[in-house]
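# Reading the structure
Single-letter residue listing:
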Amino acid sequence: MGTELSYALSKLHMLSTSDYASVVSMNIFVALLCACIVIGHLLEENRWVNESITALLIGICTGVVILLLSRGKSSHLLVFSEDLFFIYLLPPIIFNAGFQVKKKQFFVNFMTIMLFGAVGTLINCSIITFGVIQIFKRMGVGNSLEIGDYLAIGAIFAATDSVCTLQVLNQDETPLLYSLVFGEGVVNDATSVVLFNAIKSFDLNIIDHRIGLHFFGNFFYLFIASTLLGVLAGLLSAYIIKTLYIGRHSTDREVALMMLMAYLSYILAELWYLSGILTVFFCGIVMSHYTWHNVTESSRITTKHAFATLSFVLETFIFLYVGMDALDIEKWRFVSDRPKTSVAVSSVLLGLVLAGRAAFVFPLSFLSNLTKKSESEKISFSEQVIIWWAGLMRGAVSMALAYNQFTLSGHTELRTNAIMITSTITVVLVSTMVFGLMTKPLIRFLLPVSPPPKRKNSLANMESSNNPPKSITVPFLGGSHDSENELDSNEDHRPRTIRALLSTSTHNVHRLWRTFDNSIMRPVFGGRGFVPVAPTSPTEGSGNIQQWH
């Protein structure tokens with residue numbers, strides 16, 4: 001009896017010690033997050049450093065300190081988990097990106113974005129995979145790698161770091177560039193994850209034309225189904241809030257319902273083996289167009305800042321951890337006797353990333369420009385260079401996919417797998433530090449930004465300060481300045497070239513969508529100008545003027 005009691009007490013002591021260590025780790029991590037925010041604020045005007053790089057550097061420095069204190073046993077406070085990343089950290093970031101995006105710019109450039117994000121990712125993945133197969137075998141590295149591993153490497157390094165890119169570009173100063181790079185980043189992440197999952201689900205030892213057709217059929221099914229699920233989730237939230245007038249009794253319920261419906265769409269997509277990234281992104285777009293206008297004024301302010309704040313904190317969290325995990329001694333111990341091989345593999349991967357991105361950005365930009373009628377809508381060569389450069393950064397998505405492919409429960413057991421993990425970490429660090437540091441100066445050099453025009457009168461300033469941000473209130477496919485006369489003016493001229501034909505069809509699609517949206521969608525699901533004011537709504541005093549107009 002005494003032995004059992006002592007054993008139970010020892011186990012309880014171990015558990016309490018483990019819990020105490022977890023609490024200490026979380027306290028230190030939260031303190032580091034606060035430090036990242038403060039230092040990022042102090043470096044706000046710096047032309048080289050952004051908050052992603054700041055968090056990465058602080059993470060590396062913290063990892064060095066932990067290594068010294070633990071005598072080389074550990075370098076991080078938390079254990080990286082791809083489930084933690086994909087289930088908890090990534091959804092709020094992608095949702096906020098869709099919720100805050102300028103929808104007119106996004107959908108006007110939708111075909112170009114899909115070209116870069118979907119077709120470009122496939123080209124990039126193919127080039128990286130082919131290059132890795134040819135070079136690694138000559139280096140003697142790929143002897144233990146299978147065809148599935150090579151294809152997975154292509155998907156891993158085709159995934160751009162949209163999080164870091166969002167912090168470098170400004171959608172007010174360079175709206176076209178931001179729209180293209182941001183939209184491509186989100187679609188690219190979704191495409192890379194879908195490709196990666198498809199590669200893992202197929203038996204690649206037996207390859208024939210039917211496998212290829214099945215692969216691409218499955219890919220497009222996932223793409224379309226994921227998008228539709230996000231749209232349906234956004235429409236359902238808009239209909240519930242519009243019909244039930246939840247804000248009459250509690251604005252907290254409105255905000256909670258929006259958050260939970262968005263997260264539910266992501267979880268359902270993962271449960272049904274779809275792309276949660278695409279689902280939650282389009283859910284954010286639909287919610288900002290319909291649901292956001294159905295809630296009370298206080299809920300609009302709350303949701304806007306709550307989503308943005310949560311996304312910002314999680315972005316910082318990701319880069320802080322990546323910095324600490326870069327010094328994980330367990331992975332580097334496997335390659336300590338072959339440092340030249342690790343450096344060579346990292347260099348090859350960086351070169352393939354550069355070549356693979358150039359192979360689709362410039363040709364696809366040329367094809368996109370053929371469909372543009374005016375010079376202002378075309379992608380200039382300077383913008384093409386920035387799009388190529390800004391998409392070279394690799395981040396947490398690449399690391400999460402690499403861990404999924406080359407580790408077992410977070411641990412690396414084979415030398416080749418350890419080389420791939422350390423090479424991925426090296427590529428992430430070098431690309432984020434070098435390409436990230438140079439992106440802001442490159443933009444300022446290639447695209448000098450002129451100061452924004454002044455408002456004509458004080459009344460315009462008052463209206464601007466009272467209205468929500470344009471990124472939220474801008475219509476789904478057009479703004480108030482896009483009158484029907486402007487869209488209809490193209491109908492009087494027959495298109496005489498392919499470029500004019502494509503441009504005219506684009507305007508017709510926009511006009512038809514706006515007509516359909518105003519006559520059918522908004523009366524059912526609500527939206528700006530189509531929401532009856534609730535009796536206790538904060539906008540009751542001034543909202544009746546806008547009701548049903």
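Per-chain numbering applies: the sequence of each chain, read as written, is numbered from 1 onward. For a predicted model such as this one, the threshold for reporting local features is a pLDDT of at least 70, and the threshold for listing and counting side-chain atom pairs is 80 or more; totals across whole chains, interfaces and linings nevertheless cover every residue. Side-chain calculation: all heavy atoms of the structure are included, whereas hydrogens and water are not.

We apply this condition: UniProt positions are given in the numbering used here, feature names are shortened, and annotations may be inferred rather than shown by experiment.
Going by an unreviewed UniProt entry, the protein carries the name Cation/H+ exchanger transmembrane domain-containing protein and comes from Phaseolus vulgaris. Recorded in UniProt for the protein, the comment headed Subcellular location (unreviewed entry) runs: "Membrane".

## Brief notes about the overall build of the protein
Put simply, the rule is: Only runs of H or I of at least four residues qualify as helices and only runs of E of at least two qualify as strands under DSSP, and these elements are numbered from the N terminus. Per-residue accessibility, obtained with a 1.4 Å probe over protein chains only, is compared with the maximum for each type, and a residue is labelled buried under 20%, exposed over 50%, and partly exposed between these values. Whether two residues touch is decided by their heavy atoms; if any such pair falls within 4.5 Å, the residues are in contact. Accessible surface is estimated by sampling points in the Shrake-Rupley manner with a 1.4 Å probe; for residues, cover comes only from the protein chains shown.
In terms of helices and strands, the protein carries 22 helices and zero strands. Counting every position in the protein, which comprises 549 residues, the buried fraction comes to 52%. Considering only contacts in the protein between residues 6 or more positions apart, those separated by 24 or more positions represent 82%. Put simply, the protein shows about 26600 Å² of open surface, and 65% of that area lies on carbon and sulfur atoms.

## Some thoughts on the nonpolar core
Using the following cut-off: We call a set of buried Ala, Val, Leu, Ile, Met, Phe, Trp, Tyr and Cys residues a nonpolar core when their side-chain atoms join them within 4.5 Å. Start and end points for every domain follow an automatic or database-based domain assignment.
Ranked by size, the top nonpolar core spans 127 residues in total, and within it F85, F136, I153 and L349 carry the most contacts. Here this core takes 15 residues from helix α8 (residues 175–201), the largest share from any one element. Each of domain 1 (1–70) and domain 2 (82–446) accounts for three or more of the residues forming this core. Formed by six residues, the second largest nonpolar core is a distinct cluster that contains A238, V286, Y290 and F525.

## Re the packing of helix α2 (residues 51–69) against helix α17 (residues 415–446)
This is how the line gets drawn: For helices, the fitted line uses only the C-alpha atoms of the stretch in contact; every axis is such a line through C-alpha atoms, and the angle between N-to-C directions lies from 0 to 180 degrees. The scheme is simple: roughly parallel for angles under 35 degrees, roughly antiparallel for over 145, roughly perpendicular for 65 to 115, oblique for anything else. Crossing handedness is defined as follows: a turn of the near helix away from the far one that is anticlockwise and smaller than a right angle gives a left-handed crossing, while the clockwise case is right-handed. Classes in brief: Ala, Val, Leu, Ile, Met, Phe, Trp, Tyr, Cys and Pro nonpolar; Asp, Glu, Lys and Arg charged; the others, Gly included, polar.
Contact pair α2 / α17: the axes reach a minimum separation of 10 Å and the direction vectors enclose 140°. Comparing the axis directions of α2 and α17 gives the class oblique. As for the relative orientation of α2 and α17, their crossing is left-handed in sense. Touching I53, L56, L57 and I60 of α2 are L429, T432, M433, G436 and L437, all from α17. Here the contact of α2 with α17 is composed, by residue class, of seven nonpolar, two polar and no charged.

## Remarks on the packing of α8 against helix α16 (residues 396–406)
Closest axis-to-axis distance for the α8/α16 pair is 11 Å, and the angle between their directions is 5°. Of the possible angle classes, the one that applies to α8 and α16 is roughly parallel. Contacts between α8 and α16 involve D189, V193, F196 and K200 from the first element and V397, L401, N404 and Q405 from the second. Its residues placed into classes, the contact of α8 with α16 shows four nonpolar, two polar and two charged.

## Some words on the side chain of T160
Mapped onto the secondary structure, T160 falls in the loop between α6 (147–158) and α7 (162–168). Of the residues examined, T160 reaches a relative accessible area of 5% and is grouped as buried.

## Here we look at a nonpolar patch on the surface
Using the following cut-off: Each patch is built from salt-bridge-free residues with over 30% relative accessible area, joining like charges within 9 Å and nonpolar side chains (Val, Leu, Ile, Met, Phe, Trp, Tyr) within 5 Å. Only one rule defines a salt bridge in this text: a Lys or Arg side-chain nitrogen within 4 Å of an Asp or Glu carboxyl oxygen.
A cluster of nonpolar residues, V38, I39, L42 and L43, forms a patch on the protein surface that exposes about 340 Å² of accessible area. As for its placement among the helices and strands, I39 is situated in helix α1 (residues 2–42).

## Focus: helix α3 (residues 82–100)
Note on helix geometry: an α-helix contains 3.6 residues per turn, so any two residues three or four positions apart are oriented the same way. As a reminder, the rule being used: One less than the number of residues in a helix, times 1.5 Å, gives the span that helix is expected to have. To get the bend at a given residue, fit one axis to the seven residues ending there, fit another to the seven starting there, and take the angle between those axes.
The end-to-end C-alpha separation of α3 is 26 Å, in line with the 27 Å expected for 19 residues at 1.5 Å each. The sharpest bend along α3 comes to roughly 45°, located at L90, with the proline P91 sitting one to four residues further on. In terms of burial, α3 is largely enclosed, as 14 of its 19 residues are buried.

## What about helix α11 (residues 276–294)?
Along its 19 residues, α11 runs 25 Å from first to last C-alpha, staying within 8% of the 27 Å computed at 1.5 Å per residue. In terms of burial, α11 is a largely internal element, 19 of the 19 residues being buried.

## Some remarks on the environment of T422
Operational definition: Think of a polar contact as two N or O atoms within 3.5 Å of one another; within protein, one of them needs to be a possible hydrogen donor and the other a possible acceptor, and neighboring residues in sequence only count if both atoms come from side chains.
As for its position among the elements, T422 is in helix α17. At 3.0 Å, the side chain of T422 forms a polar contact with the backbone oxygen of I419.

## Quick look at the packing of aromatic side chains
Aromatic rings in a pair are described by how distant their centres are and how their planes are angled relative to each other. Filter applied, for reference: Two aromatic rings, drawn from Phe, Tyr or Trp (for Trp, its six-membered ring), form a pair once their centres lie within 6.5 Å of each other, and the interplanar angle then sorts them: stacked below 30 degrees, edge-to-face above 60, tilted otherwise. Geometrically, a lysine NZ or arginine CZ counts as sitting over a ring once it is within 6 Å of the ring centre and also within 35 degrees of the ring normal.
On inspection of all chains with the given rule, the structure shows 14 aromatic pairs. Of the aromatic side chains, those joined through ring pairs into one cluster are Y178, F182, F281 and F282. Sitting over the ring of W292, R300 keeps its end group 5.3 Å from the ring centre.

## Describing unusual backbone geometry
Backbone geometry places Y245, a non-glycine residue, at a positive phi of 50°. Mapped onto the fold, Y245 is located in the loop between α9 (209–244) and α10 (251–271). Of note in this structure, Y273 is not a glycine but carries a positive phi near 60°. Note that Y273 resides in the loop between α10 and α11.

## Let's talk about the side chain of N96
Relative to the helices and strands, N96 is located in helix α3. The exposure class assigned to N96 is buried, which follows from its relative accessible area of 10%. In this structure the side chain of N96 is engaged in a polar contact, spanning 3.3 Å, whose partner is the backbone nitrogen of A308.

## Digging into the environment of A400
One can find A400 in helix α16. We classify A400 as buried; its relative accessible area is 0%. In this structure, the C-alpha to C-alpha distance between A400 and D83, residues 317 residues apart in sequence, is 8.5 Å.

## Quick look at the pattern of salt bridges
Taken as a whole and judged by the stated rule, the model has three salt bridges. With a shortest N-O distance of 3.6 Å, R300 and E297 are connected by a salt bridge. One end of the pair is R300 and the other is E297, both in helix α12 (residues 297–325) and three residues apart, which spans about a single turn. The closest approach of N and O atoms between D517 and R522, which form a salt bridge, is 3.1 Å.

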